[in-house]
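Chains, contacts and geometry: an overview
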Amino acid sequence: MAVLASAKLTYKQPTVVQRAQTYLSYLSYANASGLDALYITGDSGYTQGQEVPMSDVVKGNPLISANFEECTSADCSTGTPTMLTLLASKWSGTQTDTDLTALFESLQLD
């Protein structure tokens with residue numbers, strides 16, 4: 001499910017085979033108020049609360065996403081990270097939002 005409306009991004013320096021713009025979608029796997037992952041969803045943008053079929057997500061080529069994890073050990077070299085769900089209502093305008101958006105916009109895809 002989309003926990004926030006998708007944002008339309010413009011790539012800074014797209015390659016000759018790369019689209020100029022794409023959607024960045026903010027998805028939850030189970031919690032309507034929790035942000036689990038961000039996905040580049042190409043031409044598919046979603047409104048808040050809209051169901052997002054997995055078939056739409058996996059057709060991305062390449063599949064590009066970011067999710068959030070917490071290390072269970074102090075140095076992150078042992079153990080299995082735990083998936084984190086962020087509060088979607090606190091996401092927009094944060095430094096992490098700004099930084100990840102800039103990172104996605106800077107991608108050059110062949």
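Everything numeric here is computed off the predicted structure, so don't read it as measured data.

Moving on, we come to the side chain of Q18. As for its position among the elements, Q18 is in the loop between β1 (2-10) and β2 (21-27). Its relative accessible area of 10% is what places Q18 among the buried residues. A polar atom in the side chain of Q18 sits 2.9 Å from the backbone nitrogen of L109. Those residues in contact with Q18 that sit more than four places away from it in its chain are Y11, Q13, L107, Q108 and L109.

On to the environment of I64. Among the structural elements, I64 can be located in the loop between α1 (54-58) and β5 (65-67). Judged by its relative accessible area of 12%, I64 is buried. Other than its neighbours up to four places away in sequence, I64 contacts L38, Y39, I40, F104, L107 and L109.

Moving on, we get to unusual backbone geometry. Omega for the peptide link from N61 to P62 comes to 0 degrees, which places this bond in the cis form. Along the polypeptide, P62 turns up in the loop between α1 and β5.

Time to look at the packing of aromatic side chains. Taken as a whole, this structure holds 1 aromatic pair when the rule is applied. Aromatic side chains F68 and W91 sit 5.7 Å apart centroid to centroid with 55 degrees between the ring planes, which places their arrangement in the tilted category. One end of the pair, F68, is in the loop between β5 and β6 (69-70); the other, W91, is in the loop between β8 (86-87) and α2 (95-106), and 23 residues separate them in sequence. Accessibility assignment for this pair places F68 and W91 in one class, buried.

Below, the discussion takes up the sheet that holds β5. Judged by pairing direction, the sheet is antiparallel, and its 4 strands sit side by side in the order β1-β2-β4-β5 without closing on themselves. Strand pairing shows two members of the sheet lacking a second neighbour, β1 and β5, which therefore form its edges. The mean angle between the axes of side-by-side strands here comes to 15 degrees, regardless of whether they run parallel or antiparallel. The pairing of strand β4 (residues 37-40) with β5 spans 3 bridges and is antiparallel. The residue of β5 that forms the bridge with A37 is N67.

Enumeration over the complete set of coordinates arrives at 3 salt bridges. The closest approach of N and O atoms between E105 and K12, which form a salt bridge, is 3.6 Å. Of this pair, E105 sits in helix α2 while K12 sits in the loop between β1 and β2, and the two are 93 residues apart along the sequence. Residue E105 is classed as buried on the basis of its relative accessible area, which comes to 15%. With a relative accessible area of 59%, K12 lands in the exposed category. For R19, the salt bridge goes to D43, with nearest N and O atoms at 2.5 Å. A residue pair is termed long-range when its members are at least 10 positions apart, and R19 in the loop between β1 and β2 and D43 in the loop between β4 and α1 qualify at 24 residues.

Definitions and limits used
- Residues numbered from 1 in each chain as written.
- Predicted model: local features only at pLDDT ≥ 70, side-chain atom pairs only at ≥ 80, totals over all residues.
- Heavy atoms only, no water.
- Helix = DSSP H or I, 4+ residues; strand = E, 2+ residues; numbered from the N terminus.
- Buried < 20%, exposed > 50% of the residue type's maximum accessible area, 1.4 Å probe, protein only.
- Polar contact = N/O pair within 3.5 Å; in protein donor to acceptor, adjacent residues only side chain to side chain.
- Contact = heavy atoms within 4.5 Å.
- Phe/Tyr/Trp six-rings, centres within 6.5 Å; stacked < 30°, edge-to-face > 60°.
- Pairing = 2+ DSSP bridges.
- Axes fitted to C-alpha atoms, helices over the stretch in contact; angles between N-to-C directions.
- Salt bridge = Lys/Arg side-chain N within 4 Å of Asp/Glu carboxyl O.

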